[in-house]
There are 2 protein chains.
Amino acid sequence: MQDMIKVAVDAMGGDNAPHEIVKGAVDAVNMRKDIQVCLIGRSEAVEHELKQYTYPKEQIILTHAEEVIETAEPPVMAIRKKKQSSIVIGMNLVKQKEMDAFVSAGSSGAILVGGQVIVGRIKGIERPPLAPLIPTEKGVALLIDCGANVDARPSHLVQFARIGSIYMKYVVGIKNPKVAIVNIGAEEEKGNALVKETYPLLKECEDIHFTGSIEAREIPHGEADVIVCEAFTGNVILKLYEGLSSTLLSVVKKGLMSTFVSKIGALLIKPALKETMKSFDASAYGGAPLLGLTGLVVKIHGSSKAAEVKNAIIQCVAFKEQKINEKIKNNIVSSEKGKE
Amino acid sequence: MQDMIKVAVDAMGGDNAPHEIVKGAVDAVNMRKDIQVCLIGRSEAVEHELKQYTYPKEQIILTHAEEVIETAEPPVMAIRKKKQSSIVIGMNLVKQKEMDAFVSAGSSGAILVGGQVIVGRIKGIERPPLAPLIPTEKGVALLIDCGANVDARPSHLVQFARIGSIYMKYVVGIKNPKVAIVNIGAEEEKGNALVKETYPLLKECEDIHFTGSIEAREIPHGEADVIVCEAFTGNVILKLYEGLSSTLLSVVKKGLMSTFVSKIGALLIKPALKETMKSFDASAYGGAPLLGLTGLVVKIHGSSKAAEVKNAIIQCVAFKEQKINEKIKNNIVSSEKGKE
């Protein structure tokens, strides 16, 4: 059991809990021998779900959590008061190094607050960013930051660029990842005050491959691997990605059903189209890690199904094996030294 | 000629000038008797294009412009120095009330600067917003502001909401248009400093139908008619709309071409799909007006073809007929009075 990756999973979080969460955990351990999952939630409900599946018993353990933090609850208060909630218990297990990672589809606010307050930041990290992978024509890109802490400072964005590069290089396997800052034009003198101040700082960073500004138009084309922005902008990009993809698909579907001939055509294209659209499905890439913490916290979408839960759990393996947190720590230390 | 709408058109602006621009102008006057177009550009080139078409000669006049402002030129300098450029001449015609409107696919920067410096703002307007219509599942929405002046103040956003409501009501014909502010959550307490300060001000406006925050995910679903944001965010939304739509369509096309059966299916669905996608094509809705000026200036996409040029020209008719500028002026006056 020594080399196992231990992942705590919030069995009560999200719209499809506990059913899809438990199923995802079972799928993950059935796929890999090196993962142990600790499901956290109301034991009766979780046990009831677990009974339906066959899996190596030693790979799933259960920790009872009496309380659940609801999405609508004010996060700071919820984390402080609900000590017996699945989120607080999971975060504490990571803090105490009993678990390597915590995966939750629960309240974003509570996960962001809990990550900072309970798990805690790596020394030198100013603000831990939430960094989901988004699909592009060429593969995936890391959108950093999409968290809840808006109105960032230039130094935050520089750290995001560094942390994001480490993540893309070692977890996703991109050699010399291209880093770009979201801007409203390609030229250095364009942008708002934050971008104008950050741009020259990024140009000076010798440890990243900074390629300049990226306009939102180029993001889906895969022009950069690490897309740096403050959280308000990141949030707009992430959510527009979701909204526009689903709207365009529904427009396409409506078109397919509009005539008799097109309906027949739709039947013929369905399998091929399904296969291709999979490659552009954000949920396939696991969750969004909250980076820069002393342990790993992964936020998955509230509507996550078993496949996303499974992918998020498996994503934790590369994070641990590649010692991402040590690499972040060393990078922060050496960049601090560079300043002296 | 008294009741004609007079539209100056930059024959030299954009990637497809002068060919597509001239064609669009011809299409517009062939469609409507009440439009007179003044094409501005190198007369030889424009005349050469015009020769190819049949149209009512009195509806198209030509003004020679020796110079062209290139996209890469610093806008302020270009507007100051190139007095004989199509953009400066066109703006001056609007300023002197010889023309009702100016349409250009040229340098965005020069159009924004020229609009403010040459045409000038309506008294009381703090910052003229660039406001394109974007397609949604339910029709269109006005995205206000997408201009180049970033780091806006709350009072700017409040004016955008008011001006945008007038535009959607009288030009697009939406009764009681729903106004929402772009935010990263639905709750009032969410957002960056700008949004948090603006939100209560919008709630107090009795002359608009403010519905609260809108997350970027909901924009394509058509949940609001007037989408208020500062220009950096607006720019990201507009350009991601363009980039993601083209990427998703190319992903879908790739899927359609992946198997023999799907290729046959693709042939069957093509006509129906094309028809539906048209409704989701941003270019169908004319250009983006630069609102709050003493005359009308419309920016169209640099890659505009004849159809977009024609639509932008025709859009000017409703703007003039509905006396949008008078309505904006009266609204500003009455809202100023409200403050006293």
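You'll find the structure just up there.
A brief structural summary.

Chain A puts 51 residues into the contact, and the matching count from chain B is 51 residues. Between chain A and chain B the total buried area reaches about 4,600 Å² when both faces are included, carbon and sulfur atoms providing 76% of it. For the chain A face of the interface with chain B, the top three residues by lost area are I184(A), F232(A) and L240(A), together amounting to 15%. Between the two partners, chain A and chain B, sit 4 salt bridges. In this structure, R217(A) engages E242(B) in a salt bridge whose closest nitrogen and oxygen atoms are separated by 2.8 Å. Taken together, the connections running from chain A to chain B amount to 14 residue pairs in polar contact (both at pLDDT 80 or more). Of all the elements in the fold, those that place two or more residues in the side of chain A that touches chain B are β7 (178–183), α7 (193–204), α8 (231–256) and α9 (260–278) of chain A.

A few words now on the packing of α8(A) against helix α9 (residues 260–278) of chain B. In the contact formed by α8(A) and α9(B), the axes pass within 8 Å of each other and the chain directions differ by 135 degrees. As judged from the angle between their axes, α8(A) and α9(B) are oblique. Between α8(A) and α9(B) the crossing geometry is right-handed. The segment α8(A) lies against α9(B), with L248(A), V251(A), V252(A), K254(A), G255(A) and L256(A) engaging I269(B), A272(B), L273(B), T276(B) and M277(B). The class makeup of the residues in the contact of α8(A) with α9(B) is 8 nonpolar, 2 polar and 1 charged.

All names here are of chain B. Spanning 19 residues, α9 covers 27 Å between terminal C-alpha atoms, matching the ideal 27 Å at 1.5 Å per step. The principal kink in α9, of about 50 degrees, is found at I269, preceding the proline P271 by one to four residues. For α9, the complete set of buried residues consists of S262, G265, A266, I269, A272, L273, T276 and M277.

Attention shifts here to the relation of the copies chain A and chain B. Structural alignment of chain A on chain B gives an RMSD of 0.0 Å, achieved by rotating through 180 degrees and translating 0.0 Å along the axis. What the rotation and shift describe, once combined, is the action of a two-fold rotation axis. Of every C-alpha in chain A, the one belonging to G265(A) sits nearest the axis of rotation, 1.9 Å from it. Most of the interface of chain A is mirrored in chain B: 100% of its interface residues are interface residues there too.

Regions of empty space are outlined by a rolling probe, equal in size to a water molecule, passed over the atoms. For the structure shown, the criterion picks out 3 cavities of 30 Å³ or more. Put simply, the largest cavity is a space of about 50 Å³. Around the largest cavity sit F232(A), L157(B), I181(B), V182(B), N192(B), L194(B), V195(B), V228(B), C229(B), E230(B) and T233(B), which together line it. Considering only residue class, the lining of the largest cavity consists of 8 nonpolar, 2 polar and 1 charged.

Two measures describe an aromatic ring pair: the distance that separates the ring centres and the angle between the ring planes. What the rule picks out here adds up to 4 aromatic pairs over all chains. Ring geometry for Y199(A) and F210(A): centres 5.2 Å apart, planes at 75 degrees, overall edge-to-face. Taken together, the residues span a long stretch of sequence, with Y199(A) in helix α7 and F210(A) in strand β8 (residues 209–215) at a distance of 11 residues. Neither Y199(A) nor F210(A) differs from the other in exposure class; each is buried. The residue whose ring lies beneath K57(B) is Y55(B), and the NZ or CZ to ring-centre distance is 4.1 Å.

Residue and element names in this part refer to chain A. On the surface, a cluster of nonpolar side chains totalling about 310 Å² of accessible area is made up of F260, V261 and I264. For V261, the position within the fold is in helix α9. By relative accessible area, which is 42% here, V261 ends up partly exposed.

What follows is about unusual backbone geometry. All names here are of chain A. A cis geometry characterises the amide bond from A17 onward to P18, with omega recorded as -5 degrees. Within the element layout of this structure, P18 appears in the loop between β1 (5–10) and α1 (19–31). Although it is not a glycine, D151 sits at a positive phi angle of roughly 55 degrees. Assignment of secondary structure puts D151 in the loop between β6 (139–144) and α6 (154–172). The phi torsion at K323 lies on the positive side, around 50 degrees, for a residue other than glycine.

Residue and element names in this part refer to chain B. Pairing is mixed in the open sheet, where 5 strands are placed in the order β5-β6-β9-β7-β8. The open sheet is flanked by β5 (133–136) and β8 (209–214), the only strands paired with a single partner. Adjacent strand axes in the sheet meet at a mean angle of 30 degrees when their direction is disregarded. Where β5 and strand β6 (residues 139–144) come together, 4 bridges link them in antiparallel fashion. Note on β6: the bridge partner recorded for P135 is V140.

This part takes up the pairing of strand β11 (residues 296–299) of chain B. Residues and elements named next belong to chain B. Of the two faces of β11, the one carrying L296 and V298 and the one carrying V297 and K299 are both buried. Where strand β4 (residues 101–104) meets β11, 4 bridges bridge the pair, whose relative direction is parallel. From the neighbouring strand, V103 faces β11, where its bridge partner is V298. Direction of pairing for strand β10 (residues 288–290) relative to β11: antiparallel, over a ladder of 3 bridges. Within β11, the residue paired with A288 across the bridge is K299. Between β10 and β11, which pair antiparallel one after the other, the connecting turn spans 5 residues, and G292 there sits at a positive phi close to 90 degrees.

All right, on to the pattern of salt bridges then. Residues and elements named next belong to chain B. Counted by the stated rule, this structure contains 18 salt bridges over all chains. Taking the shortest distance from any N to any O, the salt bridge between E126 and R153 comes out at 3.7 Å. In this pair, E126 sits in the loop between α5 (108–119) and β5 while R153 sits in the loop between β6 and α6 (154–172), placing the two residues 27 residues apart along the sequence. The partner of E223 in a salt bridge is K138, with the nearest N and O atoms 3.7 Å apart.

What counts as what
Residues numbered from 1 in each chain as written. Chains lettered and ligands numbered in written order. Predicted model: local features only at pLDDT ≥ 70, side-chain atom pairs only at ≥ 80, totals over all residues. Heavy atoms only, no water. Contact = heavy atoms within 4.5 Å. Buried area = accessible area lost by both parts, 1.4 Å probe. Salt bridge = Lys/Arg side-chain N within 4 Å of Asp/Glu carboxyl O. Polar contact = N/O pair within 3.5 Å; in protein donor to acceptor, adjacent residues only side chain to side chain. Helix = DSSP H or I, 4+ residues; strand = E, 2+ residues; numbered from the N terminus. Axes fitted to C-alpha atoms, helices over the stretch in contact; angles between N-to-C directions. Parallel < 35°, antiparallel > 145°, perpendicular 65-115°, else oblique. Left-handed = near helix turned anticlockwise from the far one by under 90°. Nonpolar A, V, L, I, M, F, W, Y, C, P; charged D, E, K, R; others polar. Expected span 1.5 Å × (residues − 1). Bend = angle between axes of the 7 residues up to and from the residue. Buried < 20%, exposed > 50% of the residue type's maximum accessible area, 1.4 Å probe, protein only. Least-squares fit on C-alpha atoms with pLDDT ≥ 70 in both. 1 Å grid on protein atoms, 1.4 Å probe; cavity = no way out; pocket = protein on both sides within 12 Å on 5 of 7 lines; lining within 4 Å. Points joined across faces, edges and corners; volume = space filled by probe spheres on them. Phe/Tyr/Trp six-rings, centres within 6.5 Å; stacked < 30°, edge-to-face > 60°. Lys NZ or Arg CZ within 6 Å of the ring centre and 35° of its normal. Patch = residues over 30% accessible without salt bridge, like charges linked within 9 Å, V, L, I, M, F, W, Y side chains within 5 Å. Areas by Shrake-Rupley, 256 points an atom, 1.4 Å probe, with all protein chains shown as cover. Pairing = 2+ DSSP bridges.

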